[in-house]
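Survey of secondary and tertiary structure
Okay, here's what each chain looks like letter by letter:
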Amino acid sequence: MVIRNRLASLIYRAFEVSLAIATLAIVFASPLKDERPFIYFSTEVSIFACIIMILAFIFNFVDLIRHGISGVAAYVYMPFTLASVVYLVGSTIGYWILFPMINGVFWANGMGLACLLTHAALPLAALLDWLLFAEKGTVKWRHGLYYLVYPLFYIVYSELAHFIFQDDFFPYELMRPTFYSASGSLMAGNGGWNGVVVAMVGFLAGIAAVSFLAILINDILSGKFRRRA
């Protein structure tokens, strides 16, 4: 299931790159600019996705010039492309479930447009690009484990930074031990670090679930199981 038209994919990717750049511009112009925007997982994965989209547009443009309109458009190394989709979708699912639950609102003051772009428009654009134009069946199951390396590094660094820089700032409340002080003896144990560990393991499990689901869909759309049958 791939649209074999390099011009169509180029037009779509031009829109996608414009959306990604606009998303980052709006995020960095929002109130988030006063709260270290680079340390948020959602901002980092949006930057990563923007880089993938720009490279895909460039590769697509060169491919169109060299090989004409008909055919599958060139793309960035597919495990990287799918990783950007997984991180965007995983971050989006986590945001829409947890942020309203914790804060009672869908976004902070002044963050409405930035949140809609980061956690709705951009993930949807990346997902559609992958579904419509990307070659399928080239991502292995082991890549689902590789995709956990970056989120794990993000968690470890974010928690250690609190001690290294003697800073009380945490990117997300779920990373703050005191958040669990009224959450029962299990989660509040060890000064709330039990709750942090449980939440972060849950976050990694969620990313893993999205990763393996994406790889399964990737294989199904490639016809891999049909060929085996």
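See the structure above.
Read on for an overview of the structure. (Residues numbered from 1 in each chain as written. Predicted model: local features only at pLDDT ≥ 70, side-chain atom pairs only at ≥ 80, totals over all residues. Heavy atoms only, no water.)

What to know about the environment of Trp141
Rule in force here: Only runs of H or I of at least four residues qualify as helices and only runs of E of at least two qualify as strands under DSSP, and these elements are numbered from the N terminus. Only protein chains enter the accessibility calculation, which uses a 1.4 Å probe; a residue is then buried when its area is under 20% of its type maximum, exposed when over 50%, and partly exposed in between. Contacts were defined at the residue level, with two residues in contact if any of their heavy atoms lie within 4.5 Å. N or O atoms closer than or at 3.5 Å make up a polar contact, with two conditions inside protein: a donor-capable atom paired with an acceptor-capable one, and, for residues adjacent in sequence, both atoms drawn from side chains.
Within the secondary structure layout, Trp141 lies in the loop between helix H4 (112-133) and helix H5 (143-146). Its relative accessible area of 41% is what places Trp141 among the partly exposed residues. Between the C-alpha atoms of Trp141 and Leu216, which are 75 residues apart in sequence, the distance is 8.4 Å. The residues touching Trp141, leaving out its near neighbours within four places in the chain, are Phe212, Ile215, Leu216 and Asp219. A polar contact of 3.5 Å, which involves the side chain of Trp141, links it to the side chain of Asp219.

Focus: the pattern of salt bridges
Spelled out, the test is: Take a side-chain nitrogen of Lys or Arg and a carboxyl oxygen of Asp or Glu: if they are within 4 Å of each other, that pair is a salt bridge.
All chains considered together, the criterion is met by three salt bridges. Between Asp129 and Arg13 there is a salt bridge, with the nearest N and O atoms lying 3.3 Å from each other. Residue Asp129 is found in helix H4, and its partner Arg13 is found in helix H1 (residues 6-29); the two are separated by 116 residues along the sequence. For the pair shown, Asp129 and Arg13 are each scored as buried.

Comments concerning the packing of aromatic side chains
What counts, and what does not: Think of it this way: a Phe, Tyr or Trp ring, Trp meaning its six-membered ring, pairs with another when their centres are within 6.5 Å, and the plane angle makes it stacked under 30 degrees, edge-to-face over 60, tilted otherwise.
Inspection of every chain in the model, using the stated rule, returns 21 aromatic pairs. Centre to centre, the rings of Phe179 and Tyr180 are 5.2 Å apart; their planes meet at 90°, and the pair counts as edge-to-face. Each residue in the set Phe41, Phe48, Tyr87, Tyr147, Tyr150, Tyr154 and Phe203 is aromatic and connected to the rest through ring pairs, giving one cluster.

Examining a nonpolar patch on the surface
Applicable threshold: The patch calculation keeps residues exceeding 30% relative accessible area without a salt bridge and links them within 9 Å when they carry like charges or within 5 Å when they are nonpolar (Val, Leu, Ile, Met, Phe, Trp, Tyr). Computed with a 1.4 Å probe, the accessible areas rest on the Shrake-Rupley method; for each residue, only the protein chains presented here act as cover.
Taken together, the side chains of Ile21, Ile51, Ile54, Leu55, Ile58, Phe59, Phe61, Val62 and Ile65 make up a nonpolar region of the molecular surface, amounting to roughly 760 Å² of accessible area. Looking at the nonpolar patch, the element that brings in the most residues is helix H2 (residues 41-67), giving eight residues. For Ile51, the location among the structural elements is in helix H2. A residue is classified by how much of its surface remains accessible, and Ile51, at 46% relative accessible area, is partly exposed.

Digging into the packing of H1 against H4
In plain terms, the rule: Interaxial angle, 0 to 180 degrees, is taken between N-to-C directions of lines fitted to C-alpha atoms, where a helix line uses only the stretch in contact. Angular relationships are summarised with four words: roughly parallel below 35 degrees, roughly antiparallel beyond 145, roughly perpendicular across 65 to 115, and oblique for the angles in between. What makes a crossing left-handed is the near helix being turned counterclockwise from the far one by less than a right angle; a clockwise turn instead makes it right-handed.
Relative to each other, H1 and H4 sit at 160°, their axes nearing to 10 Å. When the axes of H1 and H4 are compared, the pair comes out roughly antiparallel. Regarding H1 and H4, the two cross each other, and that crossing is left-handed. Along the contact surface, H1 presents Ala8, Ser9, Tyr12, Arg13, Glu16, Leu19, Ala20, Thr23, Ile26 and Val27, while H4 presents Leu113, Ala114, Leu117, Thr118, Ala121, Leu122, Leu124, Ala125, Ala126, Leu128, Asp129 and Phe133.

Structural notes on the environment of Tyr12
Mapped onto the secondary structure, Tyr12 falls in helix H1. Assessed through its relative accessible area of 15%, Tyr12 is described here as buried. Note: C-alpha distance between Tyr12 and Asp129 (117 residues apart in sequence) is 7.7 Å. Setting aside residues up to four positions removed in sequence, Tyr12 forms contacts with Leu124, Ala125, Leu128, Asp129 and Phe133.

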